[in-house]
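# Inside the fold
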Amino acid sequence: VQLQASGGGLVQAGASLRLSCAASGRTLSNYGMGWFRQAPGKEREFVAGINWSAGRTYYADSVQGRFTISRDNAKNTVYLQMNSLKPEDMAVYYCAADRLWRRTVVIGRANEYDVWGQGTLVTVSS
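Position labels on residues start from 1 in each chain and follow its written sequence. Local features in this predicted model are restricted to residues of pLDDT 70 or higher, and side-chain atom pairs are both shown and tallied only at a pLDDT of 80 or more, whereas totals for entire chains, interfaces and linings draw on every residue. Computation of side-chain values covers all heavy atoms of the structure but excludes hydrogens and water.

## So, the pairing of strand β9 (residues 91-101)
Every regular strand shows the same layout, with side chains that alternate between the two sheet faces. What makes two strands pair is DSSP finding at least two bridges between them. For the purposes of this entry, the term helix denotes a DSSP run of H or I that reaches at least four residues, the term strand denotes a run of E that reaches at least two, and both are numbered from the N terminus. The pairing of strand β4 (residues 31-38) with β9 spans seven bridges and is antiparallel. When the sheet's bridge partners are listed, Gly34 is paired in β9 with Ala96. With three bridges joining them, β9 and strand β11 (residues 120-125) adopt antiparallel strand pairing. Counterpart to Ala91 in the pairing with β11 is Val122.

## What to know about the environment of Lys42
Topologically, Lys42 is positioned in the loop between β4 and β5 (45-50). By relative accessible area, which is 57% here, Lys42 ends up exposed. Remark: the alpha-carbon pair of Lys42 and Ala91, spanning 49 residues in sequence, is separated by 9.5 Å. Buried residues are those whose accessible area, probed at 1.4 Å on protein chains only, stays under 20% of the maximum for their type, while exposed residues exceed 50% and partly exposed ones sit between those limits.

## Examining the packing of aromatic side chains
Working definition: rings of Phe, Tyr and Trp (its six-membered ring) pair if their centres are within 6.5 Å, and the pair is stacked with planes under 30 degrees apart, edge-to-face with planes over 60 apart, and tilted otherwise. On inspection of all chains with the given rule, the structure shows five aromatic pairs. Measuring from centroid to centroid gives 4.9 Å for Phe36 and Trp116, while their planes differ by 55 degrees, and the two rings are tilted. With Phe36 in strand β4 and Trp116 in strand β10 (residues 113-116), the pair connects residues that are 80 residues apart, well separated along the chain. By relative accessible area, which is 27% here, Trp116 ends up partly exposed. For the pair Phe46 and Tyr58, a centre-to-centre distance of 5.3 Å together with 25 degrees between the ring planes defines the contact as stacked. With Phe46 in strand β5 and Tyr58 in strand β6 (residues 57-59), this pair connects stretches of sequence that are twelve residues apart. Judged by its relative accessible area of 12%, Phe46 falls in the buried class. Comment: the charge-over-ring label is applied if NZ (Lys) or CZ (Arg) is within 6 Å of the ring centre and within 35 degrees of the ring normal. Directly above the ring of Tyr94 sits Arg44, whose terminal nitrogen or CZ lies 3.9 Å from the centroid.

## Quick word on the state of the cysteines
By convention in this document, the label disulfide applies to cysteine sulfur atom pairs within 2.5 Å. Throughout the structure, instances matching the rule amount to one disulfide. Paired by a disulfide, Cys21 and Cys95 hold their sulfur atoms 2.1 Å apart. Between Cys21 and Cys95, the S-S dihedral sits near 70 degrees, and the bridge is therefore right-handed. Within this pair, whereas Cys21 is found in strand β3 (residues 17-24), its partner Cys95 is found in strand β9, the two being separated by 74 residues in sequence. Summarising the burial analysis for this pair, Cys21 and Cys95 share the class buried.

What follows is the structure, given as structure tokens:
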């Protein structure tokens, strides 16, 4: 299975971007998905997650109200809509698949995700 993240780029503060994460080789519909990010010199951190049924979502406090995670199981794709971007949102963004089948809750710990995409860079200028 492979996850391909895309949609990153260079934007000004206050702008929006939508990241996509497409899966191949595995159906994502039975797995929760998460977005993480890693800024230079910092540890990877959880950004947002969505459970397998899309009935639950969970966000880091730093992005709550600005970012929205969603999924289209028919397209085997997960999205992260990022609005009102700030310079502190600048990072490489990674999508990842939950290691458990049909976990009800959304987990923010990276070690609970076993498949990772390659990352897409988001740069926000002030």
